[in-house]
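Fold and contact review
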Amino acid sequence: MTQDAIVTKCLPNGMAEVVVTRTTACGSNCGNCESCIFQSELKTLARNQVDAKPGQRVVIESKSSKIYGAAMLVYILPIVLVVFGYAVAYAAGAGEGVCVASSFAGLLIGAAIIVMSQRLGKNKKPITFDIVQLN
């Protein structure tokens with residue numbers, strides 16, 4: 001996965017601080033809808049492989065597999081567990097209320113899995129970025 005960024009600082013260990021501008025679902029024109037609640041710029045560290053200098057526009061890259069894995073965990077797993085909880089209760093012949101309660105239980109299990117993976121995953125390698133080219 002690649003993104004455009006701007007180098008803000010060069011660090012002595014071959015790293016650089018970069019600013020990535022978030023794109024919005026409304027076409028990046030927040031002045032029209034004024035509903036954006038998130039900051040539009042994010043700072044992160046990236047390996048400076050091309051010797052970029054502060055102020056230069058660059059392209060940064062990260063491993064897509066880590067991004068997709070995180071998205072699957074956060075977005076897909078809870079939905080699957082909600083449907084699974086409902087289906088198991090329905091197959092057992094439970095009433096509608098029990099089926100809905102089982103789906104909420106699946107949602108809570110999904111949330112617990114996400115929280116536990118975040119707590120246990122602190123020792124794992126975080127998502128890293130590399131500056132791959134100057135823009």
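Up top is the structure these notes are about.
Quantities reported herein were computed from a predicted structural model and do not represent experimental measurements. (Residues numbered from 1 in each chain as written. Predicted model: local features only at pLDDT ≥ 70, side-chain atom pairs only at ≥ 80, totals over all residues. Heavy atoms only, no water.)

Quick word on the side chain of Ser62
Counting through the fold element by element, Ser62 comes out in the loop between strand E4 (57–61) and helix H2 (64–91). With residues up to four places along the chain from it excluded, the contact list for Ser62 reads Met1, Ile67, Ile127, Thr128 and Phe129. (Helix = DSSP H or I, 4+ residues; strand = E, 2+ residues; numbered from the N terminus. Contact = heavy atoms within 4.5 Å.)

Section: the environment of Ser102
With respect to the secondary-structure elements, Ser102 resides in helix H3 (residues 96–120). On a C-alpha basis, the gap between Ser102 and Tyr86 in space is 5.6 Å, while along the polypeptide they are 16 residues apart. Beyond its immediate chain neighbours, meaning those up to four positions away, Ser102 contacts Gly85, Tyr86 and Ala89.

Here we look at unusual backbone geometry
Its identity is not glycine, yet Asp51 carries a phi of approximately 55 degrees, on the positive side. Relative to the assigned elements, Asp51 resides in the loop between strand E3 (41–48) and E4.

Here's the deal with the environment of Ala16
Relative to the helices and strands, Ala16 is located in strand E2 (residues 15–21). Considering only alpha carbons, one finds Ala16 and Ile6, ten residues apart in sequence, at a separation of 9.9 Å.

Some remarks on the packing of H2 against H3
Remark: H2 packs on H3, axes separated minimally by 7 Å, with the N-to-C direction vectors making an angle of 150 degrees. Here H2 lies roughly antiparallel to H3, going by the angle between them. Handedness of the crossing formed by H2 with H3: right-handed. Looking at the contact of H2 with H3 residue by residue, the class counts come to 16 nonpolar, six polar and one charged. (Axes fitted to C-alpha atoms, helices over the stretch in contact; angles between N-to-C directions. Parallel < 35°, antiparallel > 145°, perpendicular 65-115°, else oblique. Left-handed = near helix turned anticlockwise from the far one by under 90°. Nonpolar A, V, L, I, M, F, W, Y, C, P; charged D, E, K, R; others polar.)

Let's talk about the sheet that holds E4
Sheet architecture is closed into a barrel: five strands sit in the order E1-E2-E3-E5-E4, paired in mixed fashion. Strand-to-strand twist in this sheet, taken as the mean axis angle between neighbours without regard to direction, amounts to 55 degrees. (Pairing = 2+ DSSP bridges.)

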